[in-house]
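# Observations on the model geometry
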Amino acid sequence: MSASEPSGHQAGARAGTDERQSLSRTVSSSKRPVHDDWSFNASQPPLVNVPTCIVMVGLPARGKTYIAKKLARYLNWIGVSTKVFNVGEYRRKVVTGAPVEFFDPNNEEAAQIRTQCCVDALKDLSHWLLEDDGQAAVLDATNTTRQRRRMIVDHLSKHNIRVFFVESICDDCQLVERNVRAVKLKNPDFIDIDSEKAIREFKERLKLYEKVYEPLDLDLDKDLSFVTLFNVGSKFVANRILGHLQSRIIYFLMNVHIKPRTIFLSRHGESDMNLRGRIGGDGALTANGEAYSHALADFIDKQKEEGPEIRVWTSQLKRTIQTAQHIDAPCEPWTALNELDAGDCDGLTYEEIQERFSSQLALRDQDKFHYRYPRGESYEDLVARLEPVIMELERQGDVLVICHQAVSRCLLAYFLDMSYDELPYLKVPLHTVIKLTPVAYGCLMEEVPLCPDVPVVDTHRSKPPVVDEVRTVEEALETVPSHE
């Protein structure tokens, strides 16, 4: 049946009038509270009650920007509106291609410029936290002296902004050298300079910072809230941790590593529910889905020839387990990877949802991320459920995750730093492996279609142009893909 054909309604018919009463009777026995207006756009409670500034500390080439960007991506993903303010970018607006002498602590004129750049960044981040609904900000800079850190605390405390220092110390010379060559050569200060000359200049700059560096100290800085990471997570020292957000930050940082790895993300093979246009359920693979499971096993065998062992994670639903059945690797089923729970709409087609619960479909189209199915979940709920999966992915080496459309979207949004508006509409086609490779300041993505000669149904429903509760059946079903 085509998605453009009405189901159980005459063309142009409006939403039924007895829908609320029937749905009310269905859900009244649920453990969830009954809402009079049947708006299921329920949100998680806020994680931040006091605006917080996360202040990076450490010598250059110690992974501060890597940590800052990764931390901001994680906090945004869990619902804490976060933005990074890099003081180096402020400085480059004033002085481009700064010579080594510019970073000499005895160069008073340059020191004043660097201090003013920090003050400008603090003003902007304070405005963002207090006026633009930001919840957390990351001040990315060296902040190597107690004088500078005290200036930052004094400025932010006037605005009742909580300060949390994150220091990165690295005495592993090989790690620092690798970071210099992999990241610092791409720094705008060295773009037009020969690589070996750029490395020499950067190391001279580094020596100037080392002269004045005052690491955070449990005695001298006992009044400050901070965590110090040694050699990118081999050891942690924490002091005066205040509130839930700081605890979450430490928990995240303790799971992060920088070893090279690849995450392979795949939906299950085509299922009988996909073929019939039904959402959720626990369907089995079709013949085409079975063909994909063999192709996926062959693909993983080739990957293992080129690199380390790959672990395989699935959900606990039949179609993902069947998709993994031919792969010669340890397989671990996760309840957390189960598809988004569609509640009372589980197992229905979009045509049936429109016929029975038309206003609910409209509410979901209006705010797909926050909308919660009656007796089911929202994408926001799913993100919270998937946090342990993200933590474990950050700890692991190479992993193949076989899961579902909504779950794949949430995981992709984390690695690709996508917004809540983009997340529910990310295209994740069936019979395609998405290869994710974390790099210094982000993540590379490559799509690898398998068995392209085998036909497969399209399950992607984009946002319809009309999302009002009062709309025609054709308008509601305009973007539903064709199915049996």
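Heads up: these notes are all about the structure in this document. (Residues numbered from 1 in each chain as written. Predicted model: local features only at pLDDT ≥ 70, side-chain atom pairs only at ≥ 80, totals over all residues. Heavy atoms only, no water.)

### As for the packing of helix α14 (residues 379–395) against helix α15 (residues 405–416)
Here is the rule: To define axes, lines are fitted to C-alpha atoms, for helices over the stretch in contact only, and angles between the resulting N-to-C directions are given on a 0 to 180 degree scale. Labels follow the DSSP assignment, with helices taken as runs of H or I lasting at least four residues and strands as runs of E lasting at least two, numbered in each case from the N terminus. Roughly parallel here means an angle under 35 degrees, roughly antiparallel means over 145, roughly perpendicular means 65 to 115, and every remaining angle is called oblique. With the far helix as reference, a near helix turned anticlockwise by less than a right angle produces a left-handed crossing, and one turned clockwise produces a right-handed crossing. Contact between two residues is taken to exist if any of their heavy atoms lie within 4.5 Å; hydrogens are not considered. Only Asp, Glu, Lys and Arg are considered charged in this grouping, and only Ala, Val, Leu, Ile, Met, Phe, Trp, Tyr, Cys and Pro are considered nonpolar; every other residue, Gly among them, is considered polar.
Two elements in contact, α14 and α15, have axes whose closest approach is 10 Å; the angle formed by their N-to-C orientations is 60°. Viewed along their axes, α14 and α15 adopt a mutual orientation that is oblique. The element α14 and its partner α15 pack so that their crossing is right-handed. Counting all contacts with α14, which are made through Y379, L382, V383, L386, V389, I390, L393 and E394, the residues of α15 involved are A406, V407, R409, C410, L411, Y414 and F415. Taken together, the residues that form the contact of α14 with α15 break down as 13 nonpolar, no polar and 2 charged.

### A closer look at the sheet that holds strand β2 (residues 82–86)
Stated precisely, the cut-off is as follows: Any two strands with at least two DSSP-identified bridges between them are counted as paired.
Read from one edge of the open sheet, 6 strands run β2-β3-β1-β4-β5-β6, paired in mixed fashion. Strand pairing shows two members of the sheet lacking a second neighbour, β2 and β6 (235–239), which therefore form its edges. The average angle at which neighbouring strand axes cross in this sheet is 15°, direction not considered. With 5 bridges connecting them, strand β5 (residues 226–230) and β6 associate as antiparallel partners. Residue pairing in the sheet places L229 in a bridge with F236 of β6.

### Concerning the state of the cysteines
Inclusion rule: Note on disulfides: each one is a pair of cysteine sulfur atoms within 2.5 Å. Throughout this description, buried means an accessible area under 20% of the type-specific maximum (1.4 Å probe, protein chains only), exposed means over 50%, and partly exposed covers the range between.
Per the stated rule, a full pass over the model turns up 0 disulfides. Free cysteine C117: the closest other cysteine sulfur is in C118, separated by 8.8 Å. Just so you know, C345 is unpaired, no disulfide at all, and the nearest cysteine sulfur is the one on C410, 18 Å from it. We classify C345 as buried; its relative accessible area is 1%.

### A short note on the pattern of salt bridges
Opposite charge on two side chains permits them to pair, given that their charged atoms come into close proximity. We count it as follows: The working definition used for a salt bridge is a side-chain nitrogen of Lys or Arg within 4 Å of a carboxyl oxygen of Asp or Glu.
The final tally for this structure, using the stated rule, is 22 salt bridges. Two residues, R471 and D365, come together in a salt bridge whose shortest N-O distance is 2.8 Å. Here the residue R471 occupies a position in the loop between β12 (442–449) and α16 (473–476), and D365 occupies one in helix α13 (residues 358–366), the gap between them amounting to 106 residues. Exposure remark for R471: the relative accessible area of 2% places this residue in the buried category. The buried category is assigned to D365, whose relative accessible area is 2%.

### Let's talk about the sheet that holds strand β7 (residues 263–267)
Here we have 6 strands laid out as an open sheet, ordered β9-β8-β10-β7-β11-β12, and mixed in their pairing. Each edge of the sheet is formed by a strand with only one pairing partner; in this case those strands are β9 (331–333) and β12. The sheet shows a mean angle of 20° between the axes of neighbouring strands, taken without regard to direction. Pairing of strand β8 (residues 311–314) with β9 involves 3 bridges; the strand directions are parallel. Across the sheet, the residue bridging to W313 is E332, located in β9.

### Looking at the pairing of β5
The buried fraction of β5 is high, at 4 of 5 residues. In the sheet, strand β4 (residues 162–169) pairs with β5 via 5 bridges, with the strands oriented parallel. Bridging from a neighbouring strand, E167 pairs with T228 of β5. Hairpin remark: β5 followed by β6, antiparallel, with 4 residues in the connecting loop; positive phi at N231, about 50°.

### Regarding the pairing of strand β11 (residues 432–439)
As paired strands, β7 and β11 are joined by 4 bridges and run antiparallel to one another. Paired with S266 across the bridge in β11 is V433. If you look at the hairpin formed by β11 and β12, you'll find 2 residues sitting between the two strands.

### Comments concerning α13
The element α13 is extensively covered by neighbouring structure, given that 8 of its 9 residues are classed as buried. For α13, the full list of buried residues reads S358, S359, Q360, L361, A362, L363, R364 and D365.

### Things to note about the nonpolar core
Quick note on the threshold: Within this scheme, the nonpolar core is defined by two criteria: the residues are buried Ala, Val, Leu, Ile, Met, Phe, Trp, Tyr or Cys, and they are joined through side-chain atoms within 4.5 Å.
The biggest cluster of nonpolar side chains holds 72 residues, and the ones touching the most others in it are L75, L337 and L411. Sequence-distant contacts of L75, that is, excluding residues within four places in its chain, are made with I54, V80, T82, A136, L245 and I249. V57, Y90, L156 and Y213 belong to the second-largest nonpolar core, a separate cluster that totals 36 residues.

### Remarks on the packing of helix α3 (residues 87–94) against helix α4 (residues 108–131)
The geometry of α3 relative to α4 is characterised by a closest axis approach of 9 Å and an angle of 120° between their N-to-C directions. Here α3 is positioned oblique relative to α4, judged by the angle of their axes. Note that α3 runs across α4; the crossing there is right-handed. On α4, the residues touching V87, Y90, R91 and V94 of α3 are I113, C117, C118, D120, A121 and D124. In terms of residue class, the contact of α3 with α4 is made up of 7 nonpolar, no polar and 3 charged.

### With respect to the packing of aromatic side chains
The relation between two aromatic rings is expressed through the spacing of the ring centres and the mutual angle of the planes. Put simply, the rule reads: Any Phe, Tyr or Trp ring, taking Trp's six-membered ring, that has another such ring centre within 6.5 Å forms a pair; planes under 30 degrees apart are called stacked, those over 60 apart edge-to-face, and the others tilted. Two conditions define a charge sitting above a ring: the NZ of Lys or the CZ of Arg must be within 6 Å of the ring centre, and it must be within 35 degrees of the ring normal.
Throughout the structure, instances matching the rule amount to 11 aromatic pairs. Plain terms: the ring middles of F102 and F103 are 5.3 Å apart, the flat faces sit at 80° to each other, and that makes the pair edge-to-face. When sorted by exposure, F102 lands in the same class as F103, which is buried. With a centroid separation of 6.2 Å and an interplanar angle of 80°, the aromatic rings of F190 and F202 are classed as edge-to-face. A residue pair is termed long-range when its members are at least 10 positions apart, and F190 in the loop between α6 (173–182) and α7 (195–212) and F202 in helix α7 qualify at 12 residues. Summarising the burial analysis for this pair, F190 and F202 share the class buried. Aromatic rings pair up to connect W77, Y414 and F415 into one cluster. The residue whose ring lies beneath R114 is F102, and the NZ or CZ to ring-centre distance is 5.9 Å.

The values reported here are purely geometric and, on their own, carry no functional implication.
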